[in-house]
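Residue strings, one per chain:
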Amino acid sequence: MTEDEFDAFYASAFPRVVGQVYSFTGDHGQAQDVVQEAFIRAWDRRRDFLATEPPEAWIRTVAMRLAVSHWRRARRWLELVRRTPLPDHAPGPGPEHVALVAALRQLPESQRLAVVLHHLCDLSVEQVASETGAPTGTVKARLSRGRAALAKLLPASEVEVVGGSSEEKEEDRAR
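Residues numbered from 1 in each chain as written. Predicted model: local features only at pLDDT ≥ 70, side-chain atom pairs only at ≥ 80, totals over all residues. Heavy atoms only, no water.

Visitor: In this structure, what is going on with the overall build of the protein? I would like to understand it.
Guide: When you go through the protein residue by residue, the secondary structure sums to nine helices and zero strands. Its helices and strands in sequence order give the protein the pattern α-α-α-α-α-α-α-α-α, from N to C terminus. The buried share of the protein, reckoned over its 175 residues, is 30%. In the protein, of all internal contacts separated by at least 6 residues, the share reaching a separation of at least 24 is 62%. (Helix = DSSP H or I, 4+ residues; strand = E, 2+ residues; numbered from the N terminus. Buried < 20%, exposed > 50% of the residue type's maximum accessible area, 1.4 Å probe, protein only. Contact = heavy atoms within 4.5 Å.)

This is the structure in structure tokens:
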């Protein structure tokens, strides 16, 4: 079968085979996918097909087998999911975390990014500078301004968690 003959065969047979496979699967999208895959496989064998006998039966058989394979994989996945125990209930974020996130949202983006990277991701000032592309002095200024803004927005106990210990603050000033 030549390329032109195959193209003509594809144009005439594709909708018909999709309709047949759709009747089998009940899923139009899946029917289109498996028929398309069957035609792709047939393209590689097009020279073996006779021009007088369109290989529609071959296409339909391959498409049906692909659909069954999809069902088997889906069934195995479903069995695996059913056998896997549900995780224990994970508690939601505490009120401190919610307050911190709300306060961080009120900071300018550059300050928020510096505070999050330094205090929550435990990056050094130099690492924050490298990651953000800002000079070290700028990162230190952003951290200082961000901490000051958070001090106004959060209760004192939560600011200490974000601001770190006094030793860390001295270390940051020394850098």
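Visitor: Just to check I follow, could you spell out the packing of helix α5 (residues 109-120) against helix α6 (residues 125-132) for this structure?
Guide: Each pair of packed helices can be described by the angle between their axes along with the distance between the axes. In the contact formed by α5 and α6, the axes pass within 9 Å of each other and the chain directions differ by 135°. Considered as vectors, α5 and α6 are oriented oblique to each other. Our pair here, α5 against α6, has a crossing hand that is right-handed. Where α5 approaches α6, its residues L113, A114, L117 and H118 are matched on the opposing element by V125, V128, E131 and T132. (Axes fitted to C-alpha atoms, helices over the stretch in contact; angles between N-to-C directions. Parallel < 35°, antiparallel > 145°, perpendicular 65-115°, else oblique. Left-handed = near helix turned anticlockwise from the far one by under 90°.)

Visitor: What is the right way to look at the packing of aromatic side chains in this model?
Guide: Pairs of aromatic rings are described using the distance from one ring centre to the other and the angle between the two planes. Scanning the entire structure with this criterion turns up eight aromatic pairs. Ring centres 4.7 Å apart and planes at 85° place the aromatic pair Y10 and F39 in the edge-to-face group. Of this pair, Y10 sits in helix α1 (residues 3-25) while F39 is found in helix α2 (residues 28-44), placing the two residues 29 residues apart along the sequence. An aromatic cluster is defined as three or more aromatic residues linked by ring pairs; in this entry it consists of F6, F9, Y10, F14, F39 and W43. (Phe/Tyr/Trp six-rings, centres within 6.5 Å; stacked < 30°, edge-to-face > 60°.)

Visitor: How do you make sense of a positive patch on the surface when you look at a structure like this?
Guide: Among the surface-exposed residues, R72, R73, R75 and R76 lie close enough to one another that they form a single positively charged patch. Checked against the element boundaries, R72 lands in helix α3 (residues 56-83). Here R72 falls in the partly exposed class, since its relative accessible area comes to 44%. (Patch = residues over 30% accessible without salt bridge, like charges linked within 9 Å, V, L, I, M, F, W, Y side chains within 5 Å. Areas by Shrake-Rupley, 256 points an atom, 1.4 Å probe, with all protein chains shown as cover. Salt bridge = Lys/Arg side-chain N within 4 Å of Asp/Glu carboxyl O. Lys, Arg positive; Asp, Glu negative; His and termini not counted. Charge placed at Lys NZ, Arg CZ, Asp CG, Glu CD.)

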